[in-house]
Amino acid sequence: MNILVINCGSSSLKYQLIDSESENVLAKGLCERIGIDGSAITHQPAGGEKVTSKVDMPNHTAAVKYVIEKLTDEKVGVVKSLDEIGAVGHRIVHGGEKFAKSVVITDEVLKAIEECNDLAPLHNPANLIGVNACKELMPSVPMVAVFDTAFHQTMPKKAYLYGLPYEYYEKYKVRRYGFHGTSHDFVSARAAELLGKDRKDLKIIVCHLGNGASVSAVKNGECVDTSMGLTPLEGLIMGTRSGDIDPAIVSFIADKEGMSADEVINVCNKKSGVLGLSGGVSSDFRDLAKASEEGNEKAAVALETWSYHVAKYVGAYTAAMNGVDVIAFTAGVGENNIDAREEICEYLGYLGIAIDKEANAKRGEEITISTPDSKVTVMVIPTNEELAIARETLRLCLCVIKKQ
Ligand code: ADP
């Protein structure tokens, strides 16, 4: 069955068509500037060239229409008709406490997702627009919602509660949710698989280090803690996000700079992290490494501060699980940044971790980078959230078919 995976943002829509049997990506692409002047779709069939077409996309329904057009196009298409798309899997950012698993989308599910909108006002409404656009154009195709938060729903109360008046949790559901759950699940499962072990017998720390970054502690197959919180702003220092800060800084800076709390939070989201720390050099780790090599001190400080914080979380989660068997690096920086991995692991010598420098010199590959006598196995495992969504979509669709 071919599964269309959709990741819909407020003005963008990423897609992949995946053959669920071979798990090959048949085509992928991106619609940009939806609802804004200059909208365009970039489509790439497997093994083919990327083609960008400037097309008018006043809304997401128009974008999905172009996606279908491209997928079924005579020249750049990969299927003959819409009938060859068996199901659609949607990435949904926030499922609140309502969704601990992926679900087949029904009207009831849509309503429940909508009820989580205030927890992710920038993401969930956009995700829902994508679902509705697909529903309009493919009314008989089953659709599945896969949540970024779901994998973390196994966290115990002591991990997800903040030290705030309990009534805020009761009234507003203010608590840690965590994100990148699809990736943490995929990578921890793959780590166990590669080691030939059952995930239920392992203590795994997954370091998802991309532009957005989070760490999770996966004990006996379940997430027991994760660094992102109510929103994806908490935790590690990221590309442009501050990660953990003293909450009093918000009103302090608001006062000094004549800003509102919302404006300071916007700075924390978009102008902080390694971008802010480096004095604006870049949020991209490749640029920062280059600047640091060329003697830019702030870029060097940004990188040093970033890896120190990652190492601190690994230490904390080792304590949370009373040990660690596997540390897995993933996402853009985790998969590709050799120096960053080495620097983080240098802090972890006390755990008996030893890195094989030759193995660590590889980028973007599934590989064990610790030495055979290292007390903890350190691995690099490229994440694949789209494949994980396609697998979930297939699994749930097969369940529905079985029930019928
Ligand atoms: P997100 O999905 O959160 O936007 P990614 O997982 O794509 O982020 O990660 C983006 C980061 O990965 C960038 O900071 C970039 O520097 C880093 N990265 C990607 N490729 C490489 C590479 N070959 N070498 C070093 N860093 C890389």
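One structure accompanies this document, and this report is about it. (Residues numbered from 1 in each chain as written. Predicted model: local features only at pLDDT ≥ 70, side-chain atom pairs only at ≥ 80, totals over all residues. Heavy atoms only, no water.)

**Remarks on the overall build of the protein**
Then, in step 1: Across its full length, the protein holds 15 helices and 14 strands.
Then, in step 2: At 22 Å, the protein has a C-alpha radius of gyration in line with the 22 Å of a compact globule built from 404 residues.
Then, in step 3: Each principal axis of the C-alpha distribution contributes one length, and for the protein these read about 55 × 55 × 50 Å.
Then, in step 4: Across the 404 residues of the protein, 49% fall into the buried class. (Helix = DSSP H or I, 4+ residues; strand = E, 2+ residues; numbered from the N terminus. Rg over C-alpha atoms; globule rule 2.2 N^0.38 Å. Buried < 20%, exposed > 50% of the residue type's maximum accessible area, 1.4 Å probe, protein only.)

**Points about the environment of Glu84**
Then, in step 1: One can find Glu84 in the loop between α1 (60-71) and β6 (87-92).
Then, in step 2: Judged by its relative accessible area of 32%, Glu84 is partly exposed.
Then, in step 3: Residues within four places of Glu84 in sequence aside, it is in contact with Asn2 and Val79. (Contact = heavy atoms within 4.5 Å.)

**Describing the pattern of salt bridges**
Then, in step 1: One pass over the structure, following the stated rule, counts 17 salt bridges.
Then, in step 2: Across the pair Asp107 and Lys135 runs a salt bridge whose closest N-O atoms are separated by 3.1 Å. Taken together, the residues span a long stretch of sequence, with Asp107 in helix α2 (residues 107-115) and Lys135 in helix α3 (residues 124-137) at a distance of 28 residues.
Then, in step 3: In this structure, Lys111 and Glu115 form a salt bridge, with 3.8 Å as the shortest nitrogen-oxygen distance. Placement of both Lys111 and Glu115 in helix α2 is noted, with a separation of 4 residues, approximately one turn of the helix.
Then, in step 4: Among the ionic contacts, a cluster of salt bridges with common partners joins Glu97, Lys173 and Arg175. (Salt bridge = Lys/Arg side-chain N within 4 Å of Asp/Glu carboxyl O.)

**So, the sheet that holds β6**
Then, in step 1: Reading across the sheet, the 8 strands line up as β5-β4-β3-β2-β1-β6-β8-β7 and stay open at both edges, with mixed pairing between neighbours. With partners counted over all chains shown, the strands left at the sheet margins are β5 (51-54) and β7 (103-104), one partner each.
Then, in step 2: Examined bridge by bridge, strand β4 (residues 40-45) and β5 share 4 bridges and lie antiparallel to one another. Bridged to His43 within β5 is Val51.
Then, in step 3: Helix α15 (residues 385-403) contacts β1 (2-8), β2 (13-19), β6, β7 and β8 (143-147) of the sheet and is inclined by roughly 125 degrees relative to β6. (Pairing = 2+ DSSP bridges. Axes fitted to C-alpha atoms, helices over the stretch in contact; angles between N-to-C directions.)

**Describing the site of the ligand**
Then, in step 1: Looking at the ligand, the residues that line it are Gly210, Asn211, Gly212, Ser283, Asp284, Phe285, Arg286, Ala331, Gly332, Val333, Asn336 and Arg363.
Then, in step 2: Between the ligand and the protein, one listed contact pairs an oxygen atom with a backbone N or O atom of Gly212 at 3.0 Å.
Then, in step 3: Separating an oxygen atom of the ligand from a backbone N or O atom of Arg286 is a distance of 3.4 Å.
Then, in step 4: Surface burial for the ligand is 66%, taken as the share of its 580 Å² of free accessible area covered by protein chains.
Then, in step 5: With 4 residues, helix α12 (residues 331-336) is the single largest residue contributor to the shell around the ligand.
Then, in step 6: The residue makeup of the shell around the ligand, split by class, is 3 nonpolar, 6 polar and 3 charged. (Near = heavy atom within 4 Å. Polar contact = N/O pair within 3.5 Å; in protein donor to acceptor, adjacent residues only side chain to side chain. Areas by Shrake-Rupley, 256 points an atom, 1.4 Å probe, with all protein chains shown as cover. Nonpolar A, V, L, I, M, F, W, Y, C, P; charged D, E, K, R; others polar.)

**Considering unusual backbone geometry**
Then, in step 1: One non-glycine residue with positive phi stands out, namely Lys173, at about 60 degrees.
Then, in step 2: Its location among the elements puts Lys173 in the loop between α5 (166-172) and α6 (181-195).
Then, in step 3: In this structure Lys173 comes out as partly exposed when scored by relative accessible area, which is 34%.
Then, in step 4: Within the chain, Ala331 stands out as a residue other than glycine whose phi angle is a positive 70 degrees.
Then, in step 5: Mapping Ala331 onto the fold places it in helix α12.

**Here's the deal with the sheet that holds strand β9 (residues 203-209)**
Then, in step 1: Pairing is mixed in the open sheet, where 6 strands are placed in the order β11-β10-β9-β12-β14-β13. The open sheet is flanked by β11 (222-226) and β13 (367-368), the only strands paired with a single partner.
Then, in step 2: Two elements, β9 and strand β12 (residues 326-330), share 5 bridges in a ladder whose sense is parallel. Within β12, the position partnered with Val206 by the bridge is Ala328.
Then, in step 3: The strands touched by helix α13 (residues 338-347) within the sheet are β9, β12 and β14 (377-380), with β12 carrying the most contacts at an inclination of about 155 degrees.

**Considering α6**
Then, in step 1: Its 15 residues place the ends of α6 21 Å apart at the C-alpha level, agreeing with the 21 Å of an ideal helix rising 1.5 Å per residue.
Then, in step 2: Those residues of α6 lying buried are Gly181, Thr182, Ser183, His184, Phe186, Val187, Ser188, Ala191 and Ala192.
Then, in step 3: Backbone geometry just after α6 places Gly196 at a positive phi near 70 degrees. (Expected span 1.5 Å × (residues − 1).)

**Considering the packing of helix α7 (residues 248-257) against helix α8 (residues 261-270)**
Then, in step 1: Between α7 and α8, the shortest axis-to-axis distance is 9 Å and the interhelical angle comes to 110 degrees. In terms of their interaxial angle, α7 and α8 are classed as roughly perpendicular. Two packed elements cross with a definite hand, and for α7 against α8 that hand is right-handed. Packed against α7, whose contacting residues are Val250, Ile253 and Ala254, the element α8 presents Ala261, Val264 and Ile265 at the interface.
Then, in step 2: Its residues assigned to classes, the contact of α7 with α8 comprises 6 nonpolar, no polar and no charged. (Parallel < 35°, antiparallel > 145°, perpendicular 65-115°, else oblique. Left-handed = near helix turned anticlockwise from the far one by under 90°.)

**Notes on the side chain of Thr240**
Then, in step 1: Along the chain, Thr240 falls in the loop between β11 and α7.
Then, in step 2: Residue class for Thr240 comes out buried when judged on its relative accessible area of 19%.
Then, in step 3: Discounting chain neighbours no more than four positions away, the residues touching Thr240 are Asn211, Val267, Cys268, Asn269, Lys270, Lys271, Ser272, Gly273, Leu275 and Ser283.

**A closer look at the nonpolar core**
Then, in step 1: Core analysis: the biggest nonpolar cluster contains 43 residues, and Ile205, Cys207, Leu209, Trp306, Ile327 and Phe329 have the highest contact counts within it.
Then, in step 2: Take this core: its biggest share by element is 10 residues, from helix α11 (residues 297-321).
Then, in step 3: When near neighbours in sequence (up to four residues on either side) are disregarded, Leu209 contacts Leu236, Trp306, Val310, Phe329, Thr330, Ala331, Gly332, Val333, Gly334 and Ile344.
Then, in step 4: Listed in part, the 37 residues of the second largest apolar core include Ile6, Ala63, Met143 and Ala145. (Core = buried A, V, L, I, M, F, W, Y, C linked by side-chain atoms within 4.5 Å.)

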